[in-house]
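# Reading the structure
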Amino acid sequence: MNRKKVAFICVHNSCRSQIAEALGRHFASDIFESYSAGTETKPQINRDAVRIMKQLYGIDMDKKQYSKLICDIPTPDIAISMGCDVGCPYIGKSFDDNWELPDPTGESDEVFKEVISQIEQNILKLKDKLQNES
C-alpha cells in the first residue's frame with residue numbers, strides 16, 4: 001500500500017504543525033507519512049511544545065524535527081491547515097482540511113495540553129478515514 005503524504009501547515013512551523021507531525025509519526029506512520037511546514041521558519045521548535053510532548057508521549061521533537069518551509073517537503077497528497085487565526089498561507093493548492101486550532105504559544109501548560117489532545121484526536125480520525133479508504 002502506498003502511504004499518503006500528509007502535510008500539516010502553519011505560518012511559522014514551530015508549534016502546532018510540529019506537534020501534528022510528531023503525533024502523526026507516533027500514531028499513524030503505518031497509514032500515512034507526516035510532514036510539517038510553514039511559510040516562515042523559526043530558529044527552533046517551541047520549547048514548551050518540545051517539553052510537553054516529551055512529558056506526555058516520550059517524543060523528543062528536537063531529535064528528528066526542525067522548522068521548515070513548504071518548498072522543503074515533498075508535495076503532499078493531503079494538506080491540513082492548523083488554523084487560520086494568523087492568516088492561512090498559500091501553498092500552491094487548496095487545503096484539504098482546516099483544524100482551526102488556537103496557537104498555544106505563550107499560554108499555560110493546560111492550554112498546550114488541550115491543543116495537543118485535539119491534535120491527537122484529529123490524527124486518529126484521519127488515520128481511521130485513510131485506513132477505511134484503502
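Refer to the structure above for everything that follows.
Residues numbered from 1 in each chain as written. Predicted model: local features only at pLDDT ≥ 70, side-chain atom pairs only at ≥ 80, totals over all residues. Heavy atoms only, no water.

## A word on the pattern of salt bridges
For side chains of opposite charge, pairing can occur when their charged atoms come near one another. Using the criterion set out here, one finds eight salt bridges in the structure. The partner of D30 in a salt bridge is K127, and the shortest N-O contact between them spans 3.7 Å. With a gap of 97 residues between them, D30 in the loop between α1 (16–28) and β2 (32–37) and K127 in helix α4 (residues 109–133) connect regions that are remote in the sequence. Of the residues examined, K127 reaches a relative accessible area of 16% and is grouped as buried. For D48, the salt bridge goes to R51, with nearest N and O atoms at 3.0 Å. Of this pair, D48 and R51 are both found in helix α2 (residues 47–57), three residues apart, which corresponds to roughly one turn of the helix. For D48, a relative accessible area of 26% corresponds to the partly exposed category. A single network of salt bridges, built from pairs that share partners, joins E21, R25 and K68. (Salt bridge = Lys/Arg side-chain N within 4 Å of Asp/Glu carboxyl O. Helix = DSSP H or I, 4+ residues; strand = E, 2+ residues; numbered from the N terminus. Buried < 20%, exposed > 50% of the residue type's maximum accessible area, 1.4 Å probe, protein only.)

## Some remarks on α4
In a regular helix each residue adds 1.5 Å, so 25 residues correspond to 36 Å; α4 covers 36 Å between its end C-alpha atoms and thus fits that length. Of all the positions in α4, only F112, V115, I116, I119, N122, I123, L126, K127 and L130 are classed as buried. Contact partners of the buried residues in α4: β1 (4–9), α1, β2, α2 and β3 (78–81). (Expected span 1.5 Å × (residues − 1). Contact = heavy atoms within 4.5 Å.)

## Describing the sheet that holds β3
Overall, parallel pairing links the four strands, which are arranged β2-β1-β3-β4 in an open sheet. Strands at the two margins of the open sheet, each flanked by one partner only, are β2 and β4 (97–98). Here β1 pairs with β3 via four bridges, running parallel. Bridged to I9 within β3 is S81. Contacts from α1 reach β1 and β2, with the element oriented near 170° to β2. (Pairing = 2+ DSSP bridges. Axes fitted to C-alpha atoms, helices over the stretch in contact; angles between N-to-C directions.)

## Let's talk about the state of the cysteines
All told, the structure shown has zero disulfides when counted by the stated rule. In this structure C10 is a free cysteine whose sulfur lies 7.6 Å from that of C15, the closest cysteine sulfur available. (Disulfide = S-S within 2.5 Å.)

## Examining unusual backbone geometry
One non-glycine residue, N13, lies in the positive phi region at around 50°. Considering the arrangement of structural elements, one finds N13 in the loop between β1 and α1. Judged by its relative accessible area of 0%, N13 is buried. Located in the positive-phi region is E100, a residue other than glycine, with phi close to 50°. Its location among the elements puts E100 in the loop between β4 and α4.

## Some words on the environment of D97
Mapped onto the elements of the fold, D97 is located in strand β4. For D97, the residues in contact, after removing those within four places along its chain, are A79, I80 and S81. Here W99 takes part through its side chain, which lies 3.2 Å from a polar atom of the side chain of D97. (Polar contact = N/O pair within 3.5 Å; in protein donor to acceptor, adjacent residues only side chain to side chain.)

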